[in-house]
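Here's the letter readout for the chains.
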Amino acid sequence: MTNFLRTTLYIGVTSDLQARIIQHRDKLDPKSFTAKYNLSVCIYYEMYPSIEEAIAREKQLKKWNRGKKERLIASLNKDWTDLSPEIQSW
């Protein structure tokens, strides 16, 4: 997730991406990191067959520097467009 200006990145894991995007967008937890930094734009996602694999990948990505994360995002979403409408149509 990122904000309108694409200045802050958030990496998380969920079993329901559609619902989680709505939670971030609607700031259901006003004290959360995503609410604090206005992160409501989904620009990248990965899917895994198990929660254990997803958590391991999340931990790996959180260790990466900003440049490496930007290259990964651009590999799927060159213009960093909001993928939320696509995801909500699943």
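Summarised in this report is the structure supplied together with it. Keep in mind that this is a model prediction, so the values were computed, not measured. (Residues numbered from 1 in each chain as written. Predicted model: local features only at pLDDT ≥ 70, side-chain atom pairs only at ≥ 80, totals over all residues. Heavy atoms only, no water.)

### Description of the packing of aromatic side chains
For step 1, the next point in the chain: If you walk through the whole model with that rule in mind, you get three aromatic pairs.
For step 2, the next point in the chain: Aromatic side chains Phe-33 and Tyr-37 sit 4.8 Å apart centroid to centroid with 45° between the ring planes, which places their arrangement in the tilted category.
For step 3, the next point in the chain: Residue classification places Phe-33 among the partly exposed residues on the basis of a relative accessible area of 39%.
For step 4, the next point in the chain: Judged by relative accessible area, which is 35%, Tyr-37 ranks as partly exposed.
For step 5, the next point in the chain: For the ring pair Tyr-45 and Trp-90, a centre distance of 5.4 Å and an interplane angle of 70° mean the geometry is edge-to-face. Highlighted residues: Tyr-45 in the loop between α2 (33–36) and α3 (51–62) and Trp-90 in the segment after α5 (84–88), separated in sequence by 45 residues.
For step 6, the next point in the chain: Three or more aromatic residues link up through ring pairs in this structure, and these residues are Tyr-10, Phe-33 and Tyr-37. (Phe/Tyr/Trp six-rings, centres within 6.5 Å; stacked < 30°, edge-to-face > 60°. Buried < 20%, exposed > 50% of the residue type's maximum accessible area, 1.4 Å probe, protein only. Helix = DSSP H or I, 4+ residues; strand = E, 2+ residues; numbered from the N terminus.)

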